[in-house]
Each structure stands twice: as structure tokens, then as C-alpha cells.
Amino acid sequence: FPYRSEKYNESGLEGLKWLKTAKDEAGIPVITELMEEKYLDDICQVTDIIQIGSRNMQNFPLIVEAAKTGVPLMIKRHYGASLRDWLGAAEYALKYGCEKLILCERGMSIPHTHRSTSRFALDLQVVPAAQELTSIPIATDPSHATFWRNWVEPMTLGSIASGADSIMLEVHPDPENS
């Protein structure tokens, strides 16, 4: 929301400097979300993988421009998108030159969740369903979906059991105060 606290706004170009420092000093590979095409060149100078977030999964011009860079992409599934929609977004990336692509399941919006602090329900059945239709690696994001620390481990194990090729986890140096 545009009215939320400043501490919840994206860090923008300043954040890219932090990522560059982490990459250079600690050798940490970087994946970061591209929100607007105007930042594409700046992001490509830092990132190892460009993330197309769920909000932009159907922003096909953004996907096309990102694909043309040759930098690997990860496309997160929108919380209301079908498997067909998600694979369609992937086709845009592949058609315009992306040779390394990951699809990431990050949870679906449903009429209810199981806790007031839960954001989404992690759709684990989409992992084998997608794997029946594509050879693109499938990741899951249990941290984002559950938004509840105690549920991340079971959803991670469920992701592994469903056949996910990788797991994306959010971490914090002080989880009690994150």
C-alpha cells in the first residue's frame, strides 16, 4: 500500500549497493526482483538471477526485456494465476532468449487461511503438475507463502516430498525481531 511506513518500502538502488557488497565481500550469489524496466541495467550489473515477482508475472514486456539480457530468470507465480498462466509467462521468457529459467511457487490466495497471519496457501500439487508439462526447474517459497516461522519447515519438507527442484527461504539475522 502506498501509505505504509517508510521502513516497508523497497530499498531500490541503495539496496542494490548492499547486494553488491554482499556478493563481492562474502561471495554470495544474488537474486533480486526487477520491478521496473528502467532498473534493468542496474540490476544486471549486480544480480546472478533476475526475479520476476508475482506482481509482474503477466507483465510480458518486462519479461521480454529481462529475457533478452541473457541473465537467468526466476518467475514467481501470481497468487491468482493458473498453471497455464504461469507456463505462458515462462514461454515469453524462453521465446525471447532466456536459456536459464526457474519457476517459483509462492502460494495461492484462498478464501481463508489457517491463521490470521498466514498470507497464502502453498500449492504443492502444482509442483508435479508443472513437471508433467515442462522441464523447467520448479522452486517453492514456503517462507513467503506461510508468513509464519513455525510453518516454514513442514512446508519445506512438503515441497521436497512434492518433487520441488529447489527451495527459496527468507532469512533474518534476528528472527524474533524481523
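Thresholds applied
- Here the residue numbers are simple positions, counted from 1 along each chain's written sequence.
- Local features in this predicted model are restricted to residues of pLDDT 70 or higher, and side-chain atom pairs are both shown and tallied only at a pLDDT of 80 or more, whereas totals for entire chains, interfaces and linings draw on every residue.
- Think of the side-chain values as coming from all heavy atoms in the structure, minus any hydrogens and water.
- Only protein chains enter the accessibility calculation, which uses a 1.4 Å probe; a residue is then buried when its area is under 20% of its type maximum, exposed when over 50%, and partly exposed in between.
- A helix here means a DSSP run of H or I that spans at least four residues, while a strand means a run of E at least two residues long, and both kinds are numbered starting from the N terminus.
- Relevant arc is that of directions from the helix axis to the C-beta atoms, nothing else.
- Throughout, a contact is declared for two residues whenever any of their heavy atoms are within 4.5 Å.
- Buried residues of nine kinds, namely Ala, Val, Leu, Ile, Met, Phe, Trp, Tyr and Cys, make up a nonpolar core once their side-chain atoms join them within 4.5 Å.
- Pairs of strands are assigned from DSSP output, requiring at least two bridges between the strands.
- Seen with its strands pointing away from the viewer, a crossover is right-handed when the path leading from the first strand over the helix to the second is clockwise.
- The span one expects for a helix is its residue count, reduced by one, times 1.5 Å.

## Structural notes on helix α5 (residues 126-133)
No. 1: Inspection of α5 places Val126, Val127 and Ala130 among the buried residues, and these make up the whole buried set. Buried residues of α5 fall within an arc of 100° about the axis and therefore sit on the same side.
No. 2: Buried residues belonging to α5 abut α4 (83-95), β4 (101-105), β5 (138-140) and α7 (149-162).

## Considering the nonpolar core
No. 1: The biggest cluster of nonpolar side chains holds 32 residues, and the ones touching the most others in it are Ile50, Ile75 and Trp86.
No. 2: Only α2 (40-44), β2 (49-52), α3 (60-68), β3 (73-76), α4, β4 and α5 provide two or more residues apiece to this core.
No. 3: The dominant element in this core, judged by the number of residues it contributes, is α4, at 6 residues.
No. 4: Once residues lying within four places of it in the same chain are set aside, the contact partners of Ile75 are Ile52, Met57, Ile63, Trp86, Ala89, Ala90, Ala93, Leu101, Ile102, Leu103 and Cys104.

## So, the environment of Gln58
No. 1: For Gln58, the position within the fold is in the loop between β2 and α3.
No. 2: Taking the C-alpha atoms as reference points, Gln58 and Ala89, separated by 31 residues in sequence, lie 6.3 Å from one another.

## Structural notes on the pairing of β4
No. 1: The buried count for β4 comes to 4 of 5 residues, which makes it a mostly enclosed element.
No. 2: Pairing of β3 with β4 involves 4 bridges; the strand directions are parallel. If you follow Met74 over to β4, its bridge partner there is Ile102.
No. 3: In this region the chain leaves β3, passes through α4 and returns to the parallel neighbour β4; the handedness of that crossover is right-handed.
No. 4: When β4 meets β5, the two strands line up parallel, connected through 3 bridges. Bridging across to β5, Leu103 finds its partner in Ile138.

## Focus on α4
No. 1: The end-to-end C-alpha distance of α4, which contains 13 residues, comes to 18 Å, matching closely the 18 Å that a straight helix rising 1.5 Å per residue would cover.
No. 2: All buried positions along α4 are accounted for by Leu83, Trp86, Leu87, Ala89, Ala90 and Ala93. Looking down the long axis of α4, one finds its buried residues gathered within 150° of arc, a one-sided arrangement. Relative to its buried face, α4 has exposed residues pointing more than 90 degrees away, namely Arg84 and Lys95.
No. 3: Among the residues trailing α4, Gly97 stands out with phi positive, at a value near 105°.

## Here we look at the sheet that holds β3
No. 1: Strand order in the open sheet formed by 6 strands is β1-β2-β3-β4-β5-β6, with parallel pairing between adjacent strands. Looking at which strands have only one partner, the edges of the open sheet turn out to be β1 (31-33) and β6 (166-167).
No. 2: As judged from the 3 bridges shared by β2 and β3, these two strands associate in the parallel manner. Pairing of Ile52 across the sheet is with Ile75, part of β3.

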